[in-house]
Amino acid sequence: EGGEAGEGERGEGLRERWRALDGSLRRLLSTWFDQGLLKLEALSWETSPAGLLGRVMQYERVHPFTGGWPDLQRRLGGGDADGASEGGAAGRYNRMFALTHPRMPGEATDNRPAAMRVATHD
């Protein structure tokens, strides 16, 4: 029985060390990813870095980019070589945004598509 008590004490000590590590990680991560440090960037076919756009396509799970780069260009409302929008009228009103962090250049921590609606009045 003496051995079991020693194991219980070691187990409790180990749990305390894990709790301390967990607390430290929570503090660090909440500081690093404080919403004040995140930047909301509008993504653009013409001006956003290709690496960032590629990662947005790679990470998207809700509305996957099944058509690759042309699909991304359509969703961003980017023009083709003739200056016309591939997405037509729908592409003109699509916008995509990414949350970026200054310590992770070229990485999107999150991305959100947005469709703007045009109100018509009679």
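No experiment lies behind these values; they were computed from the predicted model shown. (Residues numbered from 1 in each chain as written. Predicted model: local features only at pLDDT ≥ 70, side-chain atom pairs only at ≥ 80, totals over all residues. Heavy atoms only, no water.)

The next thing to look at is the overall build of the protein. In terms of helices and strands, the protein carries 4 helices and 3 strands. Moving toward the C terminus, one meets the helices and strands of the protein in the order α-β-α-α-α-β-β. When the 122 residues of the protein are sorted by exposure, 20% land in the buried category. Excluding contacts between residues fewer than 6 apart, the proportion of contacts in the protein whose partners are at least 24 apart in sequence is 41%. Just so you have it, the protein exposes about 9,100 Å², and 54% of that area is on carbon and sulfur atoms. (Helix = DSSP H or I, 4+ residues; strand = E, 2+ residues; numbered from the N terminus. Buried < 20%, exposed > 50% of the residue type's maximum accessible area, 1.4 Å probe, protein only. Contact = heavy atoms within 4.5 Å. Areas by Shrake-Rupley, 256 points an atom, 1.4 Å probe, with all protein chains shown as cover.)

All right, on to the nonpolar core then. In terms of nonpolar packing, the biggest core is built from 11 residues, these being L43, L52, L53, V56, M57, F65, L72, L76, M96, A98 and A108. Counting only elements with at least two residues in this core, the list comes to α2 (50-59), α3 (68-76) and β2 (94-100). It is α2 that provides the largest number of residues to this core, a total of 4 residues. Setting aside chain neighbours within four positions, we find F65 in contact with V56, M57, E60, D71, L72, R75 and M96. (Core = buried A, V, L, I, M, F, W, Y, C linked by side-chain atoms within 4.5 Å.)

One pass over the full model with this rule turns up 1 aromatic pair. Over the face of the ring belonging to F65 we find R75, whose NZ or CZ atom lies 4.0 Å from the ring centre. (Phe/Tyr/Trp six-rings, centres within 6.5 Å; stacked < 30°, edge-to-face > 60°. Lys NZ or Arg CZ within 6 Å of the ring centre and 35° of its normal.)

Moving on: the confidence of the model for the protein. Chain-level pLDDT for the protein is 77 on average; 71% of the residues reach the 70-or-more range. Of all the helices and strands in the protein, helix α4 (residues 88-92) carries the lowest mean pLDDT, 52, while α2 carries the highest, 90. Long-range and interchain partners of residues 81-90, a stretch whose pLDDT sits below 50, account for 12 contacts in this model, where long-range means more than four residues apart. (pLDDT = per-residue confidence, 0-100.)

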